[in-house]
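Residue-level structure breakdown
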Protein chains: 2
Amino acid sequence: MDIETQNRVISILKILQNEKKAMGSTAIARKIIAHGLYWPERTVRYYLKICDDASFTRKISEKSGRILTDLGREEIASSFVMKKLGKMSSRINALSYEMDFILKKKIGTVIMNISIINKKEFYQNKHHIKNVYKKKLGMGEYLLLPSRADEYPEFNGLPAVLKNSNKIIIGTLCSVTLNGIFMKYKIYIKSVFGGLLEMKNHLPFRFTEIINYDGTSLDPIEMFLKVKMTTMRDYLETGSGKITASFREAPAVAYHEVIKLAKNLDHAGLNGILAIGKPGMPLCGIPVAEENFGLIITGGLNPLAPLIEKNIAVENHALHTLFDFSRLKNYNNIL
Amino acid sequence: MDIETQNRVISILKILQNEKKAMGSTAIARKIIAHGLYWPERTVRYYLKICDDASFTRKISEKSGRILTDLGREEIASSFVMKKLGKMSSRINALSYEMDFILKKKIGTVIMNISIINKKEFYQNKHHIKNVYKKKLGMGEYLLLPSRADEYPEFNGLPAVLKNSNKIIIGTLCSVTLNGIFMKYKIYIKSVFGGLLEMKNHLPFRFTEIINYDGTSLDPIEMFLKVKMTTMRDYLETGSGKITASFREAPAVAYHEVIKLAKNLDHAGLNGILAIGKPGMPLCGIPVAEENFGLIITGGLNPLAPLIEKNIAVENHALHTLFDFSRLKNYNNIL
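Every value quoted in this text rests on a predicted model; they were computed, and no experiment measured them. (Residues numbered from 1 in each chain as written. Chains lettered and ligands numbered in written order. Predicted model: local features only at pLDDT ≥ 70, side-chain atom pairs only at ≥ 80, totals over all residues. Heavy atoms only, no water.)

Before going further, it helps to examine the pairing of strand β10 (residues 292–298) of chain A. Residues and elements named next belong to chain A. Most of β10 is tucked away, with seven of its seven residues classed as buried. By the alternation rule, side chains of β10 split into Asn 292, Gly 294, Ile 296 and Thr 298 and Phe 293, Leu 295 and Ile 297, which are all buried. Relative to β10, strand β8 (residues 241–251) runs antiparallel, the two being bridged by seven bridges. Along β10, the bridge assignment pairs Pro 251 with Asn 292. (Buried < 20%, exposed > 50% of the residue type's maximum accessible area, 1.4 Å probe, protein only. Helix = DSSP H or I, 4+ residues; strand = E, 2+ residues; numbered from the N terminus. Pairing = 2+ DSSP bridges.)

The next thing to look at is the sheet that holds strand β7 (residues 203–212) of chain B. All names here are of chain B. The five strands are arranged β7-β6-β8-β10-β9 in an open sheet whose pairing can be described as antiparallel. Two strands lie at the open edges of the sheet, namely β7 and β9 (273–276), each paired on one side alone. The average undirected angle you get between the axes of adjacent strands in this sheet is 35 degrees. Here strand β6 (residues 190–200) runs beside β7; their pairing, made up of eight bridges, is antiparallel. Bridging across to β7, Gly 194 finds its partner in Ile 211. (Axes fitted to C-alpha atoms, helices over the stretch in contact; angles between N-to-C directions.)

Residues and elements named next belong to chain B. Structurally, Leu 95 is set in helix α6 (residues 87–98). By relative accessible area, Leu 95 is classed as buried at 6%. Each C-alpha atom, one on Leu 95 and one on Leu 322, is 7.5 Å from the other, the two residues being 227 residues apart in sequence. Once residues lying within four places of it in the same chain are set aside, the contact partners of Leu 95 are Ile 111, Leu 319 and Leu 322. (Contact = heavy atoms within 4.5 Å.)

What follows is about the packing of aromatic side chains. As enumerated under the stated definition, the model contains 18 aromatic pairs over all chains in all. Between A:Phe122 and A:Tyr123, the aromatic rings sit 5.0 Å apart at their centres with planes inclined by 75 degrees, giving edge-to-face as the arrangement. Using a relative accessible area of 0% as the deciding quantity, one classes A:Phe122 as buried. Their ring planes at 85 degrees and their centres at 4.9 Å tell us that B:Tyr255 and B:Phe293 sit as a pair that is edge-to-face. Residue B:Tyr255 is found in helix α12 (residues 255–267), and its partner B:Phe293 is found in strand β10 (residues 292–298); the two are separated by 38 residues along the sequence. Each member of the pair, B:Tyr255 as well as B:Phe293, is classed as buried. Members of the aromatic cluster, each reached through a chain of ring pairs, are A:Phe101, A:Tyr142 and A:Phe325. The ring of A:Phe205 carries A:Lys200 above its face, with NZ or CZ at 4.4 Å from the centroid. (Phe/Tyr/Trp six-rings, centres within 6.5 Å; stacked < 30°, edge-to-face > 60°. Lys NZ or Arg CZ within 6 Å of the ring centre and 35° of its normal.)

Before going further, it helps to spend a moment on the confidence of the model for chain A. Taken residue by residue, chain A gives an average pLDDT of 88. The fraction at 70 or more is 90%. Ranking the elements of chain A by mean pLDDT puts helix α5 (residues 81–84) of chain A last, at 50, and helix α13 (residues 305–309) of chain A first, at 98. (pLDDT = per-residue confidence, 0-100.)

All names here are of chain B. Buried residues of helix α2 (residues 25–34): Ser 25, Ile 28, Ala 29 and Ile 32, and no others. Within α2, the buried residues cover an arc of 100 degrees as seen down the axis, which keeps them to one side. Of the exposed residues in α2, the ones pointing more than 90 degrees away from its buried face are Arg 30 and Ala 34. (Arc of directions from axis to C-beta.)

Listed below in structure tokens is the structure:
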């Protein structure tokens, strides 16, 4: 498959993925036009044939058209890197635009991370997860423990897991949710990097490793957890240890508004801010632009860190999906 | 310890690290001046006292002064992140400047990666390592298998390992060595990103994940290996699979010179170039600046990939040290 073909195939697969239903070539051609491209329907049919041959799509019927296969989903995931270059920062901006949570009323959609774990190991270790929330290193106080997987069509792309009854899905709030909440107040939060934050005596001390969001196709927080660089269990015991966190910048003109909103977030059980710097001043040794101030935000996947450190297999998907906040529960009630 | 203190402590520790010998406060003060700072000797003594108290340094005698402890080495490694931000690209540039290998004569220093592995597991699996070299996915044909660890003072910072007789150290050529070789010909190679390269039918096909060198404190190649994202064994069997590689750019004006040097590198058993693009043209879907052309270079740690994929514990240290090329051996003779 040459690059041009590959590009077109990916465009079609992505449309099928977004629509989450079977589609015919006419409907796909219409969607492609909506994306600012013009392909005659016979071109769409030509590339759909290629998709079928590669088993990326499967024809259900003449009438309802094609659906995306698991192989097709994989193909999207590993598609051209230039579409993924800077993907983390793009995905952060896209999801924080798309969510529609209203802080005052506590209604609307938020951004969720998904973690998959063996059910038995989860129940044996959930007190560790609870402990992280209690020590305020989770993103807010709310999470999701699906009892029946098929209740959650939002978790697309995980069909194999949903059928495996030994596995449980945990949905944690993604800290990018804060970017989305602040956007409602016209405050653009820039996610600068994900890092490994050393805590000392219960306070952020310094970052020891960092990966910039605009230069990576992989989520840094996911990576730091996967290579087991955190020492969350030490933190829980002694108040000192390495956790995941991200560094963000907000405009100095919104400084007082952010301070005020941080208090509201706290009352709403939605806080994840570990530190707020002064305009133009470094925060934990990290310099910020004169017109901005720094924020250190806890990694939404931190509650899983103690389990990962114990070598329990946890499959994480950061920034996985939008989810209705009303279906989340306070950790005190479910852990 | 406040940030200012921490900064000064790190400055002192780094001097002790670079000098690799015990030093008194007078000698350290002189070194600090050479770094463009001026601290009176009593300031140095004050901070040395702090270093002693924190067990970062140890006084050997009044006359010969202090040495760096293992704890001090750790402190340097996890010191302020802003000194490490962009560290990968800075370290790449620093080491490729410092090496002095002369291609024509095959003499001088090159840049080495260090891998530490259980001796028994190494001997049981060395045919896999050999296979990667044979398939030309190693960096060149030369490597190092130290028989007696104390012969290699270059491997500083690894004292615990050197004493453990169950462990073996493998030195592979770091592909940044190529940057250093080209610099001798006035050709600056920019290392853009480290990535996961999908090979198809023995040829580079596309990058599926990338991390930019100027936005990370960790080596991307080391990370991709550690999280087991490679499928080198598939490649060795079928000619298709994911390996580590980096994407670099070189100036278009030097295009013909680079092509010529690539042949010389090949003859010298020092090639690691998997693909060379045309000036201003994308390579494997990665666009390059108009005035440059792209290069895809194999990851120097690729020979260890099959072992890591088999869940054998391999501790990698990319870009670890400069090393005299004459002490390396052709893989055909030692594997």
